Amino acid sequence: MSQATVVAEAPADELDLGPELADAVEGAWAEDTEKTYVIAPDRILDVLRHLRDVQGYDFLSNLTCVDYKGYGGKLRADVDARLEIVYNLYNTRRGGGSIGLHVRVPEDETVPSATSLYAGANLQEREVYDLFGVKFEGHPNLRRILLWDGFNGHPMRKDWQEAYFEEDVKPFRSRHPKGEYAFHEDKIPWAKNTTYPAGWDPDSWQEPVAYVPVSQAPHHENEPHLDTESIVVNLGPHHPSTHGVFRMLTRVEGETILALEPEMGYLHRNHEKIGERNTWLMNMPFTDRLDYLNSMSNNWSYALAVEKLAGIEVPERAEYLRVIMAEFTRIVNHTWSIGFILNDLGALQTPALYAIEEREMILDLFEAVSGARMMCNYMRFGGVVRDLPEGWHEQAAYLANERLPRALDELDTLLTENEILKARGRGVGYLPVEDLIALSVSGPMIRAGGLAYDIRKAEPYGIYDRFDFDVPTLPNSDIYDRYYIRLLEAMESVRILQQALRDIPEGETLGGRGGYTLRAPEGEVYSRIEAPKGELGFYLASDGKVAPWRYHVRSPSYINLNALGPMSIGYKVADAIVILGAIDIVLGEVDR
Amino acid sequence: MFGTGLLKGLGVTLKHALDTFDDDRESVPDRYRGSLDLGNNRRVIKQPIDQEGLLTIQYPEEKRLLPERFRYIPMLIWDSEKDEDRCTACGICAKVCPPQCIWIVRDSDEDGKPLTRASEFYIDAAVCMSCSFCVEFCPFDAIKMNHDYELAVYDRYPQLVYDMAELTVPLEYYAALWPTQFEEEETRRREEEEKKRRQEEEKAARLAAKQAEAAEKPADAPAAPKRSAAELQQLARERAAQRQAQAADGGSSEDDAAAAKKTRMEELKRKAQERARQRKLESGE
C-alpha cells in the first residue's frame, strides 16, 4: 500500500465534539494556549474515542503527567487538583498540528486507561504510574517499568528528593564563592540511602517472573500431536543482541515465541528530574546523552521546543546549519542501524564496518565544528553556538556530492539483492501499519509499512519546506523493508544535504536572548521533530522561572518498543533478535 | 537468477579486501597521507576526507590530529607576560556548569573584603561533561578547553579532582591549541584597547582644551590604571604573606613551589611548540 505523502493541512479552528460531548470539555487550558483543552476525567475515554473515530486523530503521540504541587505561576491559581495528565494527538492522514487534552486528577485518584483505544498508551501510562504514582484503571499490566519494584516513592513528584539532594534548582549556592563540594564517596551511602515502600521486604521478595501476559500466553496448537511445554526464557539483559542493557522476557514453545515482554530501566537515571533541577540551557548537553548516536537532532528538538515557548527567532544561516547537521546525523544513524540489523542477522561485522566508514568521516566533521564527535552540544536557543571552521564547507560538500552517494550505492549493491537477507527478512516481524499507528510507532517503521508520514512534510519545522525531497515508503512492513527504508532515507538525506550546502547563506549564526539567564514565559509546549529513529518530542511546562517546571522527553526508541511484543509473536527466537534490531533502539533514550 | 545478489555482494567485499590489502602493502598507506612522523612508529594522522583503503588507526602509536575546537576538560589561563591568572573568581563558570563540577573559593583580604581572584579553584574531572559552557560564558577568556585526553588514573579521588595548580596553563599553550580562536580574541582585545585608548585621548584632549581655556595651562592626560596603587600594594603584601606562611609551614618552600610551577610551565610550553608543529601540517605548510 503506497499513498501520497502526508502534508500539513489547516486543522479545524475549534474543538467541535458535537452536542453529546460538549459538557465533557471544562474549558481551554489557558487563554492564549491553542487547542489545549481540559477534559473531565470520567469523560476522557468518550472524547478520545470521538477524536479517533470521527475526527481521525489516530496517533497518540505523547502521554505524560505534570505535578503542580507548589506551582507558583498564575495559570493555575484557582485549580486544586495536583496532577494533570497530558495527551497530544495527531492525525496521520492529514498532517498538521496536535490537539492537546489535559485531565486534572487529585492525588490518589484513578484515571481511565487509554489503552483500550490507543494500544500505544501502554508503555507511556506505565511510565506515568512509575514516576508519578497515577493509577490507570483498566490498564492490562500496570507495573513499574523504569524503576525496580522495591523503589520507594514516585520520583517525578515535586516533593520527592533524590539521595544527596542539595537544592531544588541549580546553580547550587555552595559552589561559589565559598567553594564547598561534598563527595558522595565521603558519605558512605551503602545501606543508608535506601528506603523501601511500606510492607516491602527485600529478603522475602521474589521477582514476578511469570506474570500475567507471559504466563497466560496461549498454548501453541498447530501441532496437536506433540505434547510440548512452553517455558520462560530471558533474552538479555547482558547480551550483545539487545543493543545495550535490555531484557526481553519471552515465553517460548520450542523455538517459537508465544509472548514477549520488554523489560527496561537498567540505564535509568531520571533524566527528566535532572532536567527540572537544571536551568533551561543546562539541559542542552544532557539531551546529547539521550540518543547518543544523534546528539545533533536531540539538540535541535529541545532548542525548537524552547524557542517555541519563549518566542526566539533563529537566523537564516543557523537554520541551514541545523538542517545540515540533522541530515548528516540521520545518515550516521541509518548506516549504523543497517550495519547492526545485519549483525543481528548473523552477517557479523562486515556490513557494519563498511557502513560505519562514512560515519567516521561525518563524525570528524562534527568534531571539527562542535568539538565533540558524539556529545556535540552544538545548538543553542536562537541558533547554533559557532559558525563553520575554515575548510569545513568544502569537505562537507565533497562528502555529500561524491563520497556518501558512492558509499550508499555500494551498501545497496552489497545487501539489497542478497538472497540470504531476503530469505531471513521477508515477511518476518510483520504488523499492519494500522496496528503500528495504534501502538504509537513512528519514523522509518511506519514508512516501511506504506504510510508516507514524515514530520518534515506533515508538520514542517525549521526550513524543511524549502527543500525538494521525497518520503520513501515500502509496502510490506517486515524487517527487510525496515532495513531498506533506512537506506532509501539516507539517500534522501544526501539530496537535502546537497541542496542545503549549495544554498546556505552568509550571516549570523546565533540570535540573542537565549543565554544562560533565560526565563521562558509561563505556559506549556509540545514540539516534535522527525529524528532518525522516529518522532522525538519535548513537552515543556514553565512557571516563568530559571528552570523548566516540567521537562518530558517523548523518545521514539522507548515508544516504538510498544510494538516489540506484538511483532514478535509467532516468530522464532532468532527472528525476535532482528525484530528488535530493526526497531533501532538506543538504550540511553529508552531508559532516560 | 538465484544467487546473483549474493555474488554482487561478494564482489563488493572482494573489492574492499583488495583495496585494503593493496593499501597496506604500499610503503606509504593512504592513511599516512599528510601525516606527521614522530619516529619510533609514532604518528599524528590527519585522516583526509577522501581517504581510501584502511581507515583504522593504530592507537596509541598513531593518534589523530585533533581539530582546534576539540574539547575535553577545562584549563585556566595564566598570562605569562603579566604574570597573573586571568581568572577573577566571578563564579559565572560555576553557575552555568550543568553538572556543577566547578567550585571556587574567592580570595579575600585580612578584613574579609573579597578580592578579584580565586584562592582555590577545583574541577571534578570525573563529573565534568565537557560541554564547554564555562568557556562560552567566561567574560575574561580565563577558562578554555584543554585537548589533553589521556587522563586515566588509578583513583578518582583525589587524582581526578583538579586543583588550581593542575588546571593552570600558560597563555602560549592555549595559543598553540586554539590558534584561530586565540587570534580572534587578541584582535578583539587590541581593538577594544585601541578604542578605549582613543576615547581616553579624546577625553583628555577635551579636558586639556577646557583647562587650557580656563587656566591657559596644559595638563597631562589622566591614566586609567586597572588597579589602584593601594590595591596593588595590598596584593603584593598578601602574596608575600602567603609565601612566608607556606615557608613557615615547613612544607614546600617558596623556592620549591616556584620551581615546580616553572617546571610545569616549561613542560606545557614545550607541548605547545609540539602542537604548533602539528598545526602547520594541518594548514599544509
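Residues numbered from 1 in each chain as written. Chains lettered and ligands numbered in written order. Predicted model: local features only at pLDDT ≥ 70, side-chain atom pairs only at ≥ 80, totals over all residues.

Peer 1: Would you explain the overall build of chain B in this entry?
Peer 2: Looking only at helices and strands, chain B features eight helices and 10 strands. Relative to its full complement of 285 residues, chain B shows a buried share of 20%. Of the contacts formed within chain B by residues at least 6 apart in sequence, a portion of 61% connects residues at least 24 apart. (Helix = DSSP H or I, 4+ residues; strand = E, 2+ residues; numbered from the N terminus. Buried ≥ 20, exposed ≤ 12 C-beta atoms within 10 Å, placed from the backbone. Contact = placed C-beta atoms within 7 Å.)

Peer 1: For this particular structure, what's the right way to read the overall build of chain A?
Peer 2: Assigned secondary structure in chain A consists of 19 helices and 17 strands. Its C-alpha atoms give chain A a radius of gyration of 24 Å, near enough to 25 Å, the size a compact globule of 592 residues would have. The principal-axis extent of the C-alpha atoms belonging to chain A is close to 75 × 65 × 65 Å. Evaluated residue by residue, chain A yields a buried proportion of 52% over its 592 residues. Relative to all contacts within chain A whose residues are 6 or more apart in sequence, the contacts with residues 24 or more apart total 71%. (Rg over C-alpha atoms; globule rule 2.2 N^0.38 Å.)

Peer 1: Would you mind going over the sheet that holds strand 17 (residues 550-554) of chain A with me for this structure?
Peer 2: Sheets are built from strands that pair by backbone hydrogen bonding, the pairs being arranged parallel or antiparallel. Residues and elements named next belong to chain A. Taken in spatial order, the three strands of this open sheet run 15-16-17, and their pairing is antiparallel. Of all the strands in the sheet, just strand 15 (523-531) and strand 17 have a single pairing partner and so form its edges. The average angle at which neighbouring strand axes cross in this sheet is 10 degrees, direction not considered. Pairing analysis gives five bridges linking strand 16 (residues 534-542) to strand 17, with the strands arranged antiparallel. Residue pairing across strands places Tyr539 opposite His552, the latter belonging to strand 17. (Pairing = 2+ DSSP bridges. Axes fitted to C-alpha atoms, helices over the stretch in contact; angles between N-to-C directions.)

Peer 1: What am I meant to see in the sheet that holds strand 8 (residues 231-235) of chain A here?
Peer 2: Residue and element names in this part refer to chain A. With respect to topology, three strands assemble into an open sheet ordered 8-11-12, the strand pairing being antiparallel. The open sheet has two free edges, formed respectively by strand 8 and strand 12 (256-263), since each of these has just one partner strand. In this sheet, neighbouring strand axes are inclined to one another by 25 degrees on average, regardless of whether the strands run parallel or antiparallel. Set on the sheet, helix 18 (residues 573-583) makes contact with strand 11 (247-253) and strand 12; between it and strand 11 the angle comes to about 150 degrees.

Peer 1: Hey, could you run me through the domain arrangement of chain A in this one?
Peer 2: When the parts of a complex come together, some accessible area is lost, and that lost area is often taken as the interface size. All names here are of chain A. Along its sequence, chain A is organised into domain 1 (18-137) and domain 2 (300-554). Counting residues at the interface gives 25 residues for domain 1 and 23 residues for domain 2. Elements that contribute at least two residues to the side of domain 1 that touches domain 2 include exactly strand 3 (59-67) and strand 4 (83-90). No other element matches the six residues that strand 3 contributes to the side of domain 1 that touches domain 2. In terms of residue class, the side of domain 1 that touches domain 2 is made up of nine nonpolar, 14 polar and two charged. (Domains from an automatic or database assignment. Nonpolar A, V, L, I, M, F, W, Y, C, P; charged D, E, K, R; others polar.)

Peer 1: Would you take a moment to explain the interface of chain B and chain A for this structure?
Peer 2: Facing 42 residues of chain B, the contacting portion of chain A comprises 44 residues. Secondary-structure elements contributing two or more residues to the side of chain B that touches chain A are helix 1 (4-25), helix 2 (92-96), strand 6 (102-108), strand 7 (114-124) and helix 3 (133-137) of chain B. Per-element accounting of the side of chain B that touches chain A gives the leading share, eight residues, to helix 1 of chain B.

Peer 1: So what exactly am I meant to see when it comes to the pairing of strand 16 of chain A here?
Peer 2: All names here are of chain A. Where burial is concerned, most of strand 16 is hidden: nine out of the nine residues are buried. Of the strand pairs in this sheet, strand 15 and strand 16 are connected by nine bridges, and their pairing is antiparallel. Paired with Arg528 across the strands is Gly537, a residue of strand 16. In textbook terms, the turn of a hairpin is the stretch between consecutive antiparallel strands, and for strand 15 and strand 16 this stretch comprises two residues.

Peer 1: Explain the confidence of the model for chain B here, please?
Peer 2: Caution is warranted with low-pLDDT regions, since their predicted coordinates should not be read in detail. Residue and element names in this part refer to chain B. Mean pLDDT over chain B stands at 80; residues scoring 70 or higher make up 83%. Here helix 7 (residues 229-249) stands out as the least confident element of chain B, with mean pLDDT 59; strand 8 (residues 143-145) is the most confident, with 91. Every residue in residues 217-227 is under pLDDT 50, and counting partners more than four places away or in other chains gives 13 contacts. Confidence metrics for the complex model read pTM 0.85 and ipTM 0.81. (pLDDT = per-residue confidence, 0-100.)

Peer 1: When you look at the packing of helix 8 (residues 316-345) of chain A against helix 15 (residues 479-503) of chain A in this model, what are you seeing that I'm missing?
Peer 2: When two helices pack together, their arrangement is captured by the angle between the axes and the distance separating the axes. All names here are of chain A. Running from N to C, helix 8 and helix 15 point in directions that differ by 155 degrees, and their axes come no closer than 9 Å. By the angle between their axes, helix 8 is roughly antiparallel relative to helix 15. Crossing handedness for the pair helix 8 and helix 15: left-handed. Of helix 15, the residues touching helix 8 (which contributes Tyr320, Val323, Ile324, Glu327, Phe328, Arg330, Ile331, His334, Thr335, Ser337, Ile338 and Ile341) are Tyr483, Arg486, Leu487, Glu489, Ala490, Ser493, Ile496, Leu497, Ala500, Leu501 and Asp503. Considered class by class, the residues forming the contact of helix 8 with helix 15 number 14 nonpolar, four polar and five charged. (Parallel < 35°, antiparallel > 145°, perpendicular 65-115°, else oblique. Left-handed = near helix turned anticlockwise from the far one by under 90°.)

Peer 1: I would appreciate a short explanation of the domain arrangement of chain B in the present structure.
Peer 2: On domain assignment, one finds that chain B holds domain 1 (16-64), domain 2 (74-183) and domain 3 (190-221). Just the C-alpha atoms count here: the centres of domain 1 of chain B and domain 2 of chain B sit 36 Å apart.

Peer 1: What is the right way to read the packing of helix 8 of chain A against helix 18 of chain A from this model?
Peer 2: Residues and elements named next belong to chain A. Here helix 8 crosses helix 18 at 175 degrees, and the two axes come no closer than 9 Å. Regarding the angle of helix 8 to helix 18, the classification is roughly antiparallel. Every residue of helix 18 that contacts helix 8 at Phe340, Ile341, Asp344 and Leu345 is listed here: Ile577, Val578, Gly581 and Ala582. The residue makeup of the contact of helix 8 with helix 18, split by class, is six nonpolar, one polar and one charged.

Peer 1: Could you clarify how one ought to interpret the environment of Ala438 of chain A in this entry?
Peer 2: Residue and element names in this part refer to chain A. Turning to its location among the elements, Ala438 is positioned in helix 12 (residues 433-438). For Ala438 and Phe59, which are 379 residues apart along the polypeptide, the C-alpha to C-alpha distance reads 6.3 Å. Non-local contacts of Ala438, meaning those with residues more than four positions away in its chain, are made with Tyr118, Ala119 and Gly120.

Peer 1: Looking at this structure, how should I read helix 7 (residues 295-310) of chain A?
Peer 2: Residue pairs three or four apart in sequence face the same way in an α-helix, which turns once every 3.6 residues. Residues and elements named next belong to chain A. Between its terminal C-alpha atoms helix 7 stretches 22 Å, which fits the 22 Å expected from 16 residues at 1.5 Å a residue. Of all the 16 residues making up helix 7, 15 are buried; the element is thus mostly covered by neighbouring parts of the structure. One or two positions beyond helix 7, positive phi appears at Gly311, with a value near 65 degrees. (Expected span 1.5 Å × (residues − 1).)

Peer 1: What's the story with unusual backbone geometry in this structure? I'm lost.
Peer 2: Glycine aside, a negative phi is what most residues show, and trans is what most peptide bonds show. With an omega of 0 degrees, the peptide bond between Lys170 of chain A and Pro171 of chain A qualifies as cis. Checked against the element boundaries, Pro171 of chain A lands in the loop between strand 7 (135-137) and helix 4 (212-215). Pro60 of chain B follows Tyr59 of chain B through a cis peptide bond whose omega is 5 degrees. On the secondary structure map, Pro60 of chain B appears in the loop between strand 2 (42-45) and strand 3 (62-64). One non-glycine residue, Ala89 of chain B, adopts positive backbone phi at about 60 degrees. By secondary structure assignment, the location of Ala89 of chain B is in the loop between strand 5 (84-85) and helix 2.

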